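# Architecture and fold: a report
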Amino acid sequence: MAVSHWLLTSVLFLLSFITQASAQQQGCSVTNSKPFVYENNPPGYVVTTIHVEPDFTVMIDPASPDVSFFTIQGSQLQLSRSVDYESDTLLLVYLICRNTAGQSNSLEILVTILNMNDNSPVFKQTNLTKVVPEDTKVNATIVAREDLSASDADLDIIFYELTTIVAGTDGYFAIKGVNNPEIYLQKTLDYEKFNSTTLVLYARDRPVGSTDTTYTATTTINIFIEEVDTKPPWFLPCTFINTDKSICISSPYTGRVNISEMSTEPLILEPGPIYAIDPDYTLNEKIVYSIVGGDTDKVFSVDADTGNLTMNKLATSPDSYLLQVMATQVNNIQKYSIASVEIKVINKSNHAPYFESRIYNGTVFVGLAPRSFVFQAGDLSRPLMITAVDDDFPNQVNPNIEYYIKNSTDFIATKDGLILTNVMLESRVTVTIEAVGKDIVSLQEASTVIVVEVVCAPAVTSSKIYTAQDMAILGGTLAALLLIALVFLGVMIFKRYGKPVKYLISKKFSQKISGAYQNQSYMQDEHPDVSTKQHETSENGSVQSMTHVPEQRLLSLPSSNAEEIDSLPKASIASTIILVQEEKEEEVEEETEHEKEVKSILKTDRHMADDGYKAVWFKTDVDPDAGERVEVIKDNAADGDDDSGQDLQKNEEEEEDDYYEDDHLRGLRVSFASESSSLPAAKVIVNISCTDTVTEDNSDI
């Protein structure tokens, strides 16, 4: 087949060449014997140019197949009328060339017509109608491709586009592709949202957005939704949980019955009676009711047609009943819903609550912020409070009563009966509102009238209205100031009476740990106001530490103070010694007139005749420069030490009595006397244990 085509082409080429050569030899020729011409060219369009030799003439052969399309104008072969590619794709015309001698020859002109985009696509139908069931599955075909395909005489590729002209119906229908006009369902239908829509399908011979000349055709598809029973019943009232309102959830029903009391009437429920509907509104299938759970004792029954809940027998238990009530479509039992019904068993209420006052009068100021108190008329210090009483309760106080305002949104009532503003009141007016007190257990109600007079606020020096927060801030500030004042007062008291207290503590400490070993005779002889040295001993007779006790001016103290000092812990006493040392340094210069050099006079000796005896005495004739040392003898007789300690303690107490009468005391001031010149350090040898002896130079503490 390919060989024959090649041969045919070769023959035509040779024939054309031979014909052209012969024509040239015979006196006529054309520039192009096989021209290409676009369709739709106007008449007069030049197809080719004819060259004629002298003595020759040229004409169109009347027997040519397409003689009607051509004409000769001078040396040009022209179209005599427009050509349509869709009708004629190839034109053939013969030219006769003749001279005066009567010789003639013919030229063949083969004209090829080229196609142009000059036709619009065409739909088989420009208007279609389809009925689509509401429960049609997603992706199902709505209109077949054969019914929507468009044709184009130019044989162009068709491009399709689908749109909708009804608001709110976008996205439900689509076409399979840009070159496939089949329409399918893209999203689940809902009859309640829309029951019809109109689609427009566009067919173009060029892609959308092309700059070439584009021809377009349209067809209209009318879609009608057929409602189908698709939704189960809904209990009312219910709340939609999605934006397309396809799902509605109901709240539980609640009711009350008296214990051991039979009710013959349908029970009153909240938020209303049991009632369900078919959401497929146009179908509105019949619904029946039944109790399917929560009533094992068969105390209750529900009317199948109305949904009214009644009692079959007494409720003898105080426990609540939680019933499950089912609503089912008669035509399809698989279309059902379940609602919960709580029945509370309560004690019978013999008396309904009531207000003792039929009218309450209140006053509130203009311009107050919301949630401001309404005050009793004539008494702006007492908030207005309404109270309902109930004769079923002791003292007529029913804790189950709650209050609310029935006919106004400008005021609200708290559960306790206080009346508050709900908005900012902007003008003077008298408002009459109805307040209700409701027993939330028995559901019994009482109502009263409240007359509120909105008045202008009295003139005040400040426009500031203080709130509870302002009062709290003020209270906190005052509390902080009070605390600061107390701290300051404590500091002042400490500065005024601190020194006497320190002295009392230090005095008691010295008595505790030193045993108050003092040379009373020496002190009375040398200086009646000065106490020199003290030795410390423990209760078991051992000396615990070395101390150097400075001279002190004693202060008379009551016996009760001494007892208080005895109760102080030793740690506190020890810390007080340091404070006493500091006080001593401050008082040194003030007591210089009483200073006297004190020398170590403590000397011990051991009577060898009695191994269990230890003696301590004080010498008055000791040479300060003698350098005598104090010896501490091992303690072999604790009882002797105890006796000696008691004697020394007694001497110290007598010394205190002498100092109490000192004329140099002023008020509660305590001073410590010490020598201004350097005093020789007291040498103390302390018996640390029953076997070891340590010698230590002790400086002033």
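Scroll up for the structure.
Since the structure is predicted, the reported quantities are computational estimates derived from the model, not experimental observations.

Cut-offs and rules
Residues numbered from 1 in each chain as written. Predicted model: local features only at pLDDT ≥ 70, side-chain atom pairs only at ≥ 80, totals over all residues. Heavy atoms only, no water. Helix = DSSP H or I, 4+ residues; strand = E, 2+ residues; numbered from the N terminus. Buried < 20%, exposed > 50% of the residue type's maximum accessible area, 1.4 Å probe, protein only. Contact = heavy atoms within 4.5 Å. Areas by Shrake-Rupley, 256 points an atom, 1.4 Å probe, with all protein chains shown as cover. Patch = residues over 30% accessible without salt bridge, like charges linked within 9 Å, V, L, I, M, F, W, Y side chains within 5 Å. Salt bridge = Lys/Arg side-chain N within 4 Å of Asp/Glu carboxyl O. 1 Å grid on protein atoms, 1.4 Å probe; cavity = no way out; pocket = protein on both sides within 12 Å on 5 of 7 lines; lining within 4 Å. Points joined across faces, edges and corners; volume = space filled by probe spheres on them. Nonpolar A, V, L, I, M, F, W, Y, C, P; charged D, E, K, R; others polar. Pairing = 2+ DSSP bridges. Disulfide = S-S within 2.5 Å. Axes fitted to C-alpha atoms, helices over the stretch in contact; angles between N-to-C directions. Polar contact = N/O pair within 3.5 Å; in protein donor to acceptor, adjacent residues only side chain to side chain.

### Remarks on the overall build of the protein chain
Scanning the protein chain from terminus to terminus reveals 6 helices and 44 strands. Looking at the protein chain as a whole, 36% of its 701 residues qualify as buried. Taking the contacts inside the protein chain whose residues are at least 6 apart along the sequence as the reference set, 65% of them involve residues at least 24 apart. For the protein chain, the accessible area works out to roughly 40,200 Å², and carbon and sulfur atoms hold 54% of it.

### Focus on a nonpolar patch on the surface
A cluster of nonpolar side chains, Met471, Leu474, Leu478, Leu481 and Ile484, forms an exposed patch at the surface whose accessible area comes to about 500 Å². Counting through the fold element by element, Leu478 comes out in helix H2 (residues 468-514).

### Quick word on the layout of surface pockets
Here the second largest pocket defines a volume of roughly 410 Å³. Around the second largest pocket, the lining is made up of 16 residues, and of these Arg256, Val257, Asn258, Ile268 and Ser442 lie nearest the centre. The dominant element in the lining of the second largest pocket, judged by the number of residues it contributes, is strand E21 (residues 253-258), at 3 residues. Broken down by class, the residue content of the lining of the second largest pocket amounts to 7 nonpolar, 5 polar and 4 charged.

### So, unusual backbone geometry
The omega torsion of the bond from Leu236 to Pro237 falls at -5 degrees, within 30 degrees of zero and hence cis. Residue position: Pro237 is located in the loop between strand E18 (234-235) and strand E19 (238-240). Cis peptide bonds are those with omega within 30 degrees of zero, and the linkage from Glu270 to Pro271 qualifies with 5 degrees. Among the secondary structure elements, Pro271 is positioned in the loop between strand E22 (269-270) and strand E23 (276-277). Non-glycine residue Asn40 carries a positive phi angle of around 70 degrees.

### Overview of the pattern of salt bridges
All chains considered together, the criterion is met by 8 salt bridges. Note that Arg206 is salt-bridged to Asp156, the shortest N-O span being 3.5 Å. With a gap of 50 residues between them, Arg206 in the loop between strand E16 (196-204) and strand E17 (216-226) and Asp156 in the loop between strand E12 (150-151) and strand E13 (159-164) connect regions that are remote in the sequence. Owing to a relative accessible area of 21%, Asp156 belongs among the partly exposed residues under this scheme.

### Overview of the pairing of strand E38 (residues 445-455)
Sheet analysis places strand E30 (residues 359-365) next to E38, joined by 7 bridges and oriented parallel. In the strand pairing of E38, Phe365 is matched with Val455. Note that strand E37 (residues 429-439) and E38 share 10 bridges and pair antiparallel. Following the sheet pairing, Val431 is matched in E38 by Val452. Where E37 folds back onto E38 in an antiparallel hairpin, the turn is made up of 5 residues, including Leu443, whose phi is positive at roughly 65 degrees.

### Focus: the state of the cysteines
For the structure on display, the rule yields 2 disulfides. Note on cysteine connectivity: Cys28 is disulfide-linked to Cys97, with sulfurs 1.4 Å apart. The chirality of the disulfide connecting Cys28 with Cys97 is right-handed, given an S-S dihedral of about 70 degrees. Taken together, the positions of Cys28 in strand E1 (residues 28-30) and Cys97 in strand E7 (residues 90-99) put the pair 69 residues apart, joining distant regions of the chain. Two residues, Cys238 and Cys248, share a disulfide whose sulfurs are 1.9 Å apart. On the sign convention where negative means left-handed, the S-S torsion of about 100 degrees between Cys238 and Cys248 marks this disulfide as right-handed. One end of the pair, Cys238, is in strand E19; the other, Cys248, is in strand E20 (residues 248-250), and 10 residues separate them in sequence. Relative accessible area serves as the criterion here: at 9%, Cys248 is assigned to the buried category. When the cysteines engaged in disulfides are numbered in sequence order, the protein chain pairs them as 1-2, 3-4.

### Observations regarding the sheet that holds strand E5 (residues 70-73)
Spatially, E1-E3-E6-E5 is the arrangement adopted by the 4 strands of the open sheet, whose pairing is antiparallel. Only two strands of the sheet have a single partner each, and these edge strands are E1 and E5. Between one strand axis and the next, the sheet turns through 30 degrees on average, direction left out of account. Sheet topology places E1 next to strand E3 (residues 46-52); 3 bridges connect them, and they run antiparallel. Looking at E3, one finds that Ser29 is bridged to His51.

### Structural notes on the environment of Ile165
You can see Ile165 is positioned in the loop between E13 and strand E14 (173-177). Exposure remark for Ile165: the relative accessible area of 58% places this residue in the exposed category. The spacing of Ile165 and Thr197 is 32 residues in sequence and 7.6 Å in space, taken between C-alpha atoms. Sequence-distant contacts of Ile165, defined by excluding residues within four places in its chain, comprise Thr198 and Val200.

### Things to note about the sheet that holds strand E24 (residues 287-293)
Strands pair in a sheet through their backbones, by hydrogen bonds, and they do so in one of two ways: parallel or antiparallel. Ordered by their spatial adjacency, 5 strands build an open sheet running E22-E21-E28-E27-E24, and the pairing between neighbours is mixed. Of all the strands in the sheet, the pair left with one neighbour each is E22 and E24. Here E21 pairs with E22 via 2 bridges, running antiparallel. Note on E22: the bridge partner recorded for Thr254 is Glu270.

### Comments concerning the pairing of strand E8 (residues 104-114)
Relative to E8, strand E2 (residues 36-38) is paired through 3 bridges, and the arrangement is parallel. Within the sheet, the bridge partner assigned to Tyr38 lies in E8 and is Leu114. Where E7 lies against E8, 9 bridges are found, and the strand directions are antiparallel. Bridge pairing in E8 links Tyr94 to Glu108. Linking two consecutive strands that pair antiparallel, namely E7 and E8, is a turn of 4 residues; a positive phi of about 95 degrees is found at Gly102 within it.

### Some thoughts on the side chain of Thr48
Relative to the elements of secondary structure, Thr48 occurs in strand E3. One polar contact links Thr48 to Thr31, side chain to side chain, over a distance of 3.0 Å.

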